[in-house]
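So the chains spell out like this:
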Amino acid sequence: MKIEINKLGNFEFLVRYPNQYKEGEKYPVILMLHGAGGRGRDMQMIIKDNPFFVITEQMEEFPFITVAPQCNLNNWFDHFESLRELVRWVADAPFTDPERIYGAGMSMGGYGIWQLAQSMPKYFAAIVPICGGGMAWNAGRLANVPVWAHHGDSDRAVDPQ
């Protein structure tokens, strides 16, 4: 498995390639936004972050290219224009199947994925926000984007409502 650290705008991001990666082929890409606990300037925090760790360490045959930026400010909204630029970078990358770009995020990352997909719905094939809220008045923008949202009613940090 190959993992690269790249920089775009004012943050760094990881790109994890599938074990069977072949240059010149197109792959599905999942953009993963971490929760508040992953903030900082240490990319090892992202590599060891639970969803990224599960994909890289426990799912050797995961067929997606995984892109995982690190928020080094207060929250993803502080990086919003850089995130939009990252989505465009992913869409234009030579390895990307533009029909299969997916977004996922937990907690603070769930908020970020909701907002990112609502502002750029044509880029996403589907999103998976986990325990993150969105702006309900913009939900219509996701009419053509499948959403698999997850939340638990015992979450004390983010209200399930």
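Being a predicted model, the structure only gives us computed values, none of them experimental.

Cut-offs applied
- Position numbers for residues count from 1 along each chain, tracking the sequence in the order it is written.
- Only residues with pLDDT of at least 70 are given local features in this predicted model, and only at 80 or more are side-chain atom pairs given and counted; all residues enter the totals for whole chains, interfaces and linings.
- Side-chain metrics rest on all non-hydrogen atoms present in the structure, leaving aside hydrogens and water.
- One speaks of a salt bridge when a side-chain nitrogen belonging to Lys or Arg is within 4 Å of a carboxyl oxygen belonging to Asp or Glu.
- The buried label goes to any residue with under 20% of its type's maximum accessible area, the exposed label to any with over 50%, and the partly exposed label to all in between, with areas taken from a 1.4 Å probe on protein chains only.
- Strand pairing is assigned whenever DSSP detects at least two bridges linking the two strands.
- Going along the chain from the N terminus, every DSSP run of H or I of four or more residues is numbered as a helix, and every run of E of two or more is numbered as a strand.
- The term disulfide is used for any two cysteine sulfur atoms that are within 2.5 Å.
- It only takes one pair of heavy atoms within 4.5 Å for two residues to be counted as in contact.
- Interaxial angle, 0 to 180 degrees, is taken between N-to-C directions of lines fitted to C-alpha atoms, where a helix line uses only the stretch in contact.
- Multiply 1.5 Å by the residue count of a helix minus one, and that product is the helix's expected span.
- Two aromatic rings, drawn from Phe, Tyr or Trp (for Trp, its six-membered ring), form a pair once their centres lie within 6.5 Å of each other, and the interplanar angle then sorts them: stacked below 30 degrees, edge-to-face above 60, tilted otherwise.
- Placement of a positive charge over a ring is assigned whenever Lys NZ or Arg CZ falls within 6 Å of the ring centre and within 35 degrees of the normal to the ring plane.

*Asks:* Quick one: what's the story with the pattern of salt bridges, residue by residue and with numbers?
*Replies:* The full count for this structure, using the stated rule, is 3 salt bridges. Glu4 serves as the salt-bridge partner of Lys2, at 3.3 Å between the closest nitrogen and oxygen. Look at Glu4 and you get partly exposed, because its relative accessible area is 25%. For Arg100, the salt bridge is made with Asp97, and the minimal N-O distance between the two is 2.7 Å. The class of Arg100 is partly exposed, set by a relative accessible area of 32%. Given the relative accessible area of 17%, Asp97 is considered buried.

*Asks:* Account for the pairing of strand β1 (residues 2-8), naming residues and giving values.
*Replies:* As paired elements, β1 and strand β2 (residues 11-17) share 7 bridges and run antiparallel to each other. Among the inter-strand pairings, Leu8 is bridged to a residue of β2, identified as Phe11. The hairpin formed by β1 and β2 contains 2 residues between the paired strands, and Gly9 there has a positive phi angle of roughly 60°.

*Asks:* Describe the state of the cysteines, and please don't skip the residues or the numbers.
*Replies:* Tallying each qualifying case throughout the model produces 0 disulfides. For Cys71, which is in no disulfide, the shortest distance to another cysteine sulfur is to Cys131 and amounts to 16 Å.

*Asks:* Before we move on, can you summarise the environment of Ile65 with the specific residues and values?
*Replies:* Within the secondary structure layout, Ile65 lies in strand β4 (residues 65-69). Residues in contact with Ile65, not counting those within four places in the same chain, are Val15, Arg16, Tyr17, Pro18, Tyr21, Tyr27, Pro28, Val29, Ile30 and Phe95.

*Asks:* Go over the sheet that holds β1, please, and point to the residues and values.
*Replies:* Here we have 6 strands laid out as an open sheet, ordered β1-β2-β4-β3-β5-β6, and mixed in their pairing. The open sheet has two edge strands with one neighbour each: β1 and β6 (126-130). Taken pair by pair, the neighbouring strands of this sheet meet at an average axis angle of 20°, ignoring direction. Inspection of the sheet shows β2 paired to β4 by 4 bridges, in the antiparallel sense. The residue of β4 that forms the bridge with Phe13 is Pro69. In the packing of helix α3 (residues 80-92) onto the sheet, the strands contacted are β1, β2, β3 (27-33), β4 and β5 (96-106), and the crossing angle to β2 comes to about 30°. Running at roughly 140° to β5, helix α4 (residues 108-119) makes contact with β3, β5 and β6 of the sheet.

*Asks:* Please provide a residue-by-residue account of α4, values included.
*Replies:* Helix length check: α4 (12 residues) gives 17 Å between terminal C-alpha atoms against 16 Å at 1.5 Å per residue, within 8%. Across the 12 residues that make up α4, a large majority, 10, are buried. In this structure, the buried side of α4 is in contact with β3, α3, β5 and β6.

*Asks:* Tell me what's going on with the packing of aromatic side chains, and back it up with residues and numbers.
*Replies:* Here the distance between the centres and the angle between the planes together describe a pair of aromatic rings. Under the definition given, this model contains 8 aromatic pairs. Measuring from ring centre to ring centre gives 5.2 Å for Tyr21 and Tyr27, while their planes differ by 35°; the resulting arrangement is tilted. Plain terms: the ring middles of Phe64 and Tyr102 are 5.6 Å apart, the flat faces sit at 70° to each other, and that makes the pair edge-to-face. Remark: Tyr102 occurs in strand β5 and Phe64 occurs in the loop between α2 (50-58) and β4; sequence separation between them is 38 residues. In this structure an aromatic cluster arises from ring pairing among Phe13, Tyr17, Tyr21, Tyr27, Trp89 and Phe95. One residue, Lys2, lies across the ring of Tyr17, its end atom 4.9 Å from the ring centre.

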